[in-house]
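Residue-level structure breakdown
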Amino acid sequence: MNSPAIVSGHRPISVNPWLIIWVVALGLAVVVSLIGKENLPWAFKFPREWVIPISVWISDFVKWLLNEFDLGLFTFRELTRSIAWVIEQPYWLVRSLLSTGFLKGQGSDAVEIFPRLSWLAVISVVSLMGLYAKDWKLALLVGLCFLYLAVFGQWDSAMVTLSSIIIAVPFGVAGGLALGIAGFRSRRFELAIRPVLDLMQTVPVFAYLVPILILFGFSPVSAMIATIIYAMPPMVRITLLALKQVPSEITEFGSMAGCSPRQLLWKVQIPAAKSTLMVGVNQVVMLSLNMVIIASMIGAGGLGFDVLNALKRLKIGEGVEAGLAITLLAIALDRLSQAYARRPPPVHEVTSHGFIRRNPHLCLAFAIIAVTWAAGAGMTVMNAYPETLQLTTGAFWGDLVRSININYFDQLDGFKNFLLLNIMIPFKRFLLGLPWVAVVGLVALGGWQLGGWRLALLTGALALFIAVVGQWPKSMVTVYLCGLSVLIACAIGIPIGIAASRNERLNRIVQAAIDTLQTLPSFVYLMPVVMLFRVGDFAAMLAVIAYALAPAIRYTNHGLRQVPPHLIEAARAAGCTRRQVLWKVQMPLALPEIMLGINQTIMMALSMLVITALVGTRDLGQEVYIALTKADSGRGIVAGVCVAFIAIISDRLINAWSTRRKAELGLE
Amino acid sequence: MSESSKLVCNNVWKIFGENPAGFLSRHNNAPTTNNMAEEGYIGAVRDVSLSVAEGEIFVIMGLSGCGKSTLVRCMSRLIEPTAGEVLFEGRDLLKTGVKELIEIRRHKMGMVFQHFALLPHLTVLGNVAFPLEVQGVGRQTREARAREVIELVGLVGREGYYPRELSGGQQQRVGIARSLAVKPEIWFLDEPFSALDPLIRREMQDEFMRLQNVLHKTIVFITHDFDEAIRLADRIAIMNGGEIIQTGTPEELVLNPATDYVAEFTRGIPRAKVLSAGAIMGPVSGATVAGQVLVTTKIGDLAADIVNAGAPFSVVNKGGAIVGEVTRDAVLAVLVEKEGGL
Ligand SMILES: Nc1ncnc2c1ncn2[C@@H]1O[C@H](COP(=O)(O)OP(=O)(O)OP(=O)(O)O)[C@@H](O)[C@H]1O
Ligand SMILES: [Mg+2]
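Overview of the structure. Computed from a prediction, not measured in an experiment: that's the story for all the values here.

With respect to the sheet that holds strand E13 (residues 322-326) of chain B
Residue and element names in this part refer to chain B.
- Spatially, 3 strands are ordered E11-E12-E13 in an open sheet, and the strand pairing comes out mixed. Each of the sheet's edge strands pairs with one partner strand only, and the pair in question is strand E11 (291-294) and E13. The average undirected angle you get between the axes of adjacent strands in this sheet is 35°.
- Looking at chain direction, E11 and strand E12 (residues 313-316) are connected through 4 bridges and run parallel. Bridge pairing in E12 links Leu294 to Val316.

Right, dumping it as structure tokens:
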């Protein structure tokens, strides 16, 4: 690291050496910024000749993989084709069942040999699932969500989306389970896979859409593969955790009973870990739904495609309806899979019954399917929800937005311009004007202070990487958008969290609101802001703030609530007012936890930021998005990795700080 | 070791730490407590040698953390000992292959756990039949056998229940039934009654003795409760800090505690329950006797008779030969024992 920022050879004399080091380092940075423009131009603009063309190498590598790589028995292209085939078969089956019907022949000459499931049948089946998993309230909720899809004309798209989820989830679960088991059995494998999981969860999805697009083509299968890859990492983690949590006595019993390793795993450990594993399944469902819209960029079709299309053409009404459809689908599937995860354990049966008495829901479901199929032969209403009865709110949304825009245009525009001119643009200019050398140095210095030379090396190297691959300016735009959004999200979220921690009723409302917000796919956040503020940095920032608000509230609330009660009592006894207790006792003690919330907020903001490239930001997200449209894998991956590195730098710095602070406060 | 030894441990060590084997050989297989503290190793089992005879109840007793669980797991090789030898029916268990070990566990070993370790997703019947299921025994046969043992432990009528629907005592009955389903030759019980409240514990101990009177298994029983050890044991091994301090019958421990540590345990025990006629008998005096007792009869059991009779009893061995005499005074001395009396 030849950064001038940390070449401060002074021996610290005073009580707090870090203060001096920082003053010197910042001083150097300022000096470089002031005199550097003419003397050290390379410190400001990373010279083009120095850029290492990693993106070109990656693109060439992917091309080589696809065109020349031969695995001996078969080529790489054959491998990708067979993977696609394995996923395509079950997908075809489910999609025929739910959406297209079983067809014979191609294109427009196709004849239906067997119809799809009637909308009535699907709604009944999902309601019965709700009844089976929990109670009639859940059944009603799920049934109404699906009914919306039929009534508002979203059925066909929704069934395409549902089919891909029904296929992607088992693959994601099975893959995650397999990797988790491998990690559980081999410590080495676990150590190898952890950093990969870290990276996978911070690299924006867009980044690996490109290579998938190139390897598998533009098709629903590619979309599902991307979805599976995206949804798998949490399942791996949860599998590892769940298996490790199995009480050692249970495992020992399995061994003593003479289980072979395979029996031990499948008959003892996995059943014993089931309830935790089900939490993982719920996660996979939610992440898959979150991918629905993004995946439609590489061919998923369905609701995601509708939203994306409406967004591109600024068709507010259509966008809202399809977005709402995704949201309702997400809520229905989330509540269903959660209910399955939390289903009370079985109880003994009083008397033994026949199959029908033991499985009433299942039998009823099959009966309904059979009846609707039979009736479908005569009644068209069974096959498709009648168009005459369909409702649409598209016009309403369009009118609403139009009227808001007409009546409040001045206010909205004034608000937007005020923030843009006075805060956003100056901040952006400031960040872009910083010499990269100084920033890399300061980041490394921060790492050194918080976590020693290892952390310094890590943060410095990651920052340097961003400069070296030539993504510095776009990264700074990312930092600017992300930084401002996080600041504002915290300014809103932390006070709400504080209020919620002090008032039970408010707390319940806030919790319910956060839970709902977190089931919304990230894209849905874009719609209202685009309607009101059109495209640009400002709209992007609002969407990011809305998306990233939840963790700031949650962690603040939680952090304040976990302050040991005896400390609060002690403070009261010492005569502190409620206000003083909050600011002098609770807040300092909760600060490490709140910082973790801020960290989480940053992570969410970064992942949302990439998506906002769709509404015209000029940051790394845009870079990834361009790479996607140009099918340039290297460019997309490098930009994606830069986003991941920004995330990792802030994550490691904040975590190091929080751990140290917690240790100082004796909280851990 | 004698012919009838079912299980023998020779110089078994289990050390936790970075490189236990290296640590052990560095110190010539005899590291001291200081060595361990200095280098950050934990000696959970230290140089343990013992032998469990066919058909006996061998109790391992010691306070929490002294290494009992680790030792019993070394005996079944659930934990790989760092050094030493474990002979099961004369075969070195530590040298058997994976397949053979699985076979031994399937057919010859049973284990009961402190926290029951029942599989939550199976019914009582499923749990008890589980060890047979993994052997590949057909459904009919294994369920029939499971019902037999369920009856043995008195849980008839609860076959269809899930573990969480049962009380602690009932759950442990399932654990016991399950470990008996395969008719094991050696039966390990790791503090099977410690998680139960005192009344139930007592009841389960009686139940356990009733079972053993029917089954005559070779048993390794772990407990931290000396009363329990005295009630159940043929022989007791007292453990402390990973080492076995003394092994002997309850009577031997009470009469000749090897260290103050052992004496501390035996102090609160009513001697009449532990000592037998053989321990307090004198030479035959020639006086008229009021009756006969076996050498092994506990003082507590003959006290009432001898006090009423007012004359000595002669003591006979199993063969019926007279080997000595107990007097009323000797019995009274035990009954009114003072601390450290005798
Ligand atoms: N996996 C392990 N790693 C490190 N130390 C261990 C491990 N297992 C046990 N120990 C240590 O070995 C010692 C003996 O533990 P063990 O569980 O055998 O004791 P115990 O006599 O069964 O106690 P308890 O009555 O509490 O069950 C303890 O000091 C424990 O901390
Ligand atoms: Mg134990």
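Next, the rest of the story.
A few points about a nonpolar patch on the surface
Residue and element names in this part refer to chain A.
- A cluster of nonpolar side chains, namely Leu131, Trp136, Leu140, Leu144 and Leu147, defines an oily patch on the protein surface of about 490 Å² accessible area.
- For the nonpolar patch, the element with the most residues is helix H6 (residues 136-151), which contributes 4 residues.
- Among the structural elements, Leu144 can be located in helix H6.

With respect to the packing of helix H21 (residues 436-468) of chain A against helix H22 (residues 472-502) of chain A
All names here are of chain A.
- Where H21 meets H22, the closest approach of the two axes is 7 Å, and the angle between their N-to-C directions is 120°. For the element pair H21 / H22, the angle class is oblique. Note on element contacts: H22 touches H21 through Trp472, Ser475 and Met476, opposite Trp436, Val439, Val440, Ala463, Ile466 and Ala467.
- Here the contact of H21 with H22 is built from residues that sort into 8 nonpolar, 1 polar and no charged.

With respect to the packing of aromatic side chains
- Considering all chains together, one arrives at 15 aromatic pairs over all chains under this definition.
- Seen in terms of ring centroids, Tyr132 of chain A and Tyr340 of chain A are 6.0 Å apart; in terms of plane orientation they differ by 45°. Their pairing is tilted. Of this pair, Tyr132 of chain A sits in helix H5 (residues 119-133) while Tyr340 of chain A sits in helix H15 (residues 316-342), and the two are 208 residues apart along the sequence.
- On the basis of relative accessibility, which here comes to 26%, the residue Tyr340 of chain A falls in the partly exposed class.
- Each ring, one from Phe193 of chain B and one from Phe208 of chain B, has its centre 6.3 Å from the other, and the planes form 75°; the classification is edge-to-face. Of this pair, Phe193 of chain B sits in the loop between strand E7 (186-190) and helix H8 (198-215) while Phe208 of chain B sits in helix H8, and the two are 15 residues apart along the sequence. Exposure class is identical for Phe193 of chain B and Phe208 of chain B. Each is buried.
- In this structure an aromatic cluster arises from ring pairing among Trp187, Phe193, Phe208 and Phe221 of chain B.

Re the environment of Arg635 of chain A
- Inspection of the secondary structure puts Arg635 of chain A in helix H29 (residues 633-665).
- With sequence-adjacent residues up to four places away left out, Arg635 of chain A is seen in contact with Ser55, Ser59, Glu623, Ile626, Ala627 and Lys630 of chain A.

Quick look at helix H5 (residues 124-135) of chain B
- H5 of chain B sits mainly inside the fold: 9 of its 12 residues count as buried.
- Along H5 of chain B, the positions that sit buried rather than exposed are Val124, Leu125, Asn127, Val128, Ala129, Phe130, Pro131, Leu132 and Val134 of chain B.
- Where H5 of chain B is buried, its residues meet helix H11 (248-256) and helix H12 (261-272) of chain A together with helix H4 (98-108), helix H6 (139-152) and helix H7 (168-180) of chain B.
- Two residues or fewer after H5 of chain B comes Gly136 of chain B, characterised by a positive phi angle close to 90°.

Side note on the pattern of salt bridges
- This structure, assessed with the given rule, holds 33 salt bridges over all chains.
- One salt bridge connects Arg194 of chain A with Glu190 of chain A, and the closest N-O pair in it is separated by 3.0 Å. Here Glu190 of chain A and Arg194 of chain A lie together in helix H8 (residues 187-202), a separation of 4 residues that amounts to about one turn.
- The partner of Glu56 of chain B in a salt bridge is Arg235 of chain B, and the shortest N-O contact between them spans 2.8 Å. In this pair, Glu56 of chain B is assigned in the loop between strand E2 (42-53) and strand E3 (57-61) and Arg235 of chain B in strand E9 (residues 235-240), connecting sequence segments 179 residues apart.

Section: the state of the cysteines
- Applying the stated criterion across every chain, the model contains 0 disulfides over all chains.
- The cysteine Cys9 of chain B is free of any disulfide, with Cys74 of chain B supplying the nearest cysteine sulfur at 7.9 Å.

Some points on the site of ligand 1
Residue and element names in this part refer to chain B.
- In the vicinity of ligand 1, the contacting residues are Phe16, Ile42, Ala44, Leu63, Ser64, Gly65, Cys66, Gly67, Lys68, Ser69, Thr70 and Glu191.
- The side chain of Thr70 places a nitrogen or oxygen atom 2.4 Å from an oxygen atom of ligand 1.
- Contacts to ligand 1 include Glu191, whose side-chain N or O atom sits 2.9 Å from an oxygen atom.
- Relative to its free-state accessible area of 630 Å², ligand 1 is covered by the protein chains to the extent of 60%.
- Contributions of two or more residues to the shell around ligand 1 are made by E2 and helix H3 (68-75).
- Considering every element that reaches the shell around ligand 1, the biggest residue donor is H3, with 3 residues.

Here we look at the nonpolar core
- Residues Phe146 and Phe206 of chain A together with Met75 and Phe188 of chain B are the most contacted members of the largest nonpolar core, which totals 239 residues.
- When residues in this core are grouped by element, the largest group, 17 residues, is from helix H27 (residues 578-611) of chain A.
- Every residue in contact with Phe188 of chain B, bar those within four places of it in the chain, is listed here: Met256 of chain A together with Leu7, Val72, Met75, Ser76, Met109, Gly110, Met111, Val112 and Val220 of chain B.
- By size, the runner-up hydrophobic cluster in this structure holds 60 residues, among which are Val59, Val149, Met204 and Ile299 of chain B.

About the thresholds
Residues numbered from 1 in each chain as written. Chains lettered and ligands numbered in written order. Predicted model: local features only at pLDDT ≥ 70, side-chain atom pairs only at ≥ 80, totals over all residues. Heavy atoms only, no water. Pairing = 2+ DSSP bridges. Helix = DSSP H or I, 4+ residues; strand = E, 2+ residues; numbered from the N terminus. Axes fitted to C-alpha atoms, helices over the stretch in contact; angles between N-to-C directions. Patch = residues over 30% accessible without salt bridge, like charges linked within 9 Å, V, L, I, M, F, W, Y side chains within 5 Å. Areas by Shrake-Rupley, 256 points an atom, 1.4 Å probe, with all protein chains shown as cover. Salt bridge = Lys/Arg side-chain N within 4 Å of Asp/Glu carboxyl O. Parallel < 35°, antiparallel > 145°, perpendicular 65-115°, else oblique. Contact = heavy atoms within 4.5 Å. Nonpolar A, V, L, I, M, F, W, Y, C, P; charged D, E, K, R; others polar. Phe/Tyr/Trp six-rings, centres within 6.5 Å; stacked < 30°, edge-to-face > 60°. Buried < 20%, exposed > 50% of the residue type's maximum accessible area, 1.4 Å probe, protein only. Disulfide = S-S within 2.5 Å. Near = heavy atom within 4 Å. Polar contact = N/O pair within 3.5 Å; in protein donor to acceptor, adjacent residues only side chain to side chain. Core = buried A, V, L, I, M, F, W, Y, C linked by side-chain atoms within 4.5 Å.

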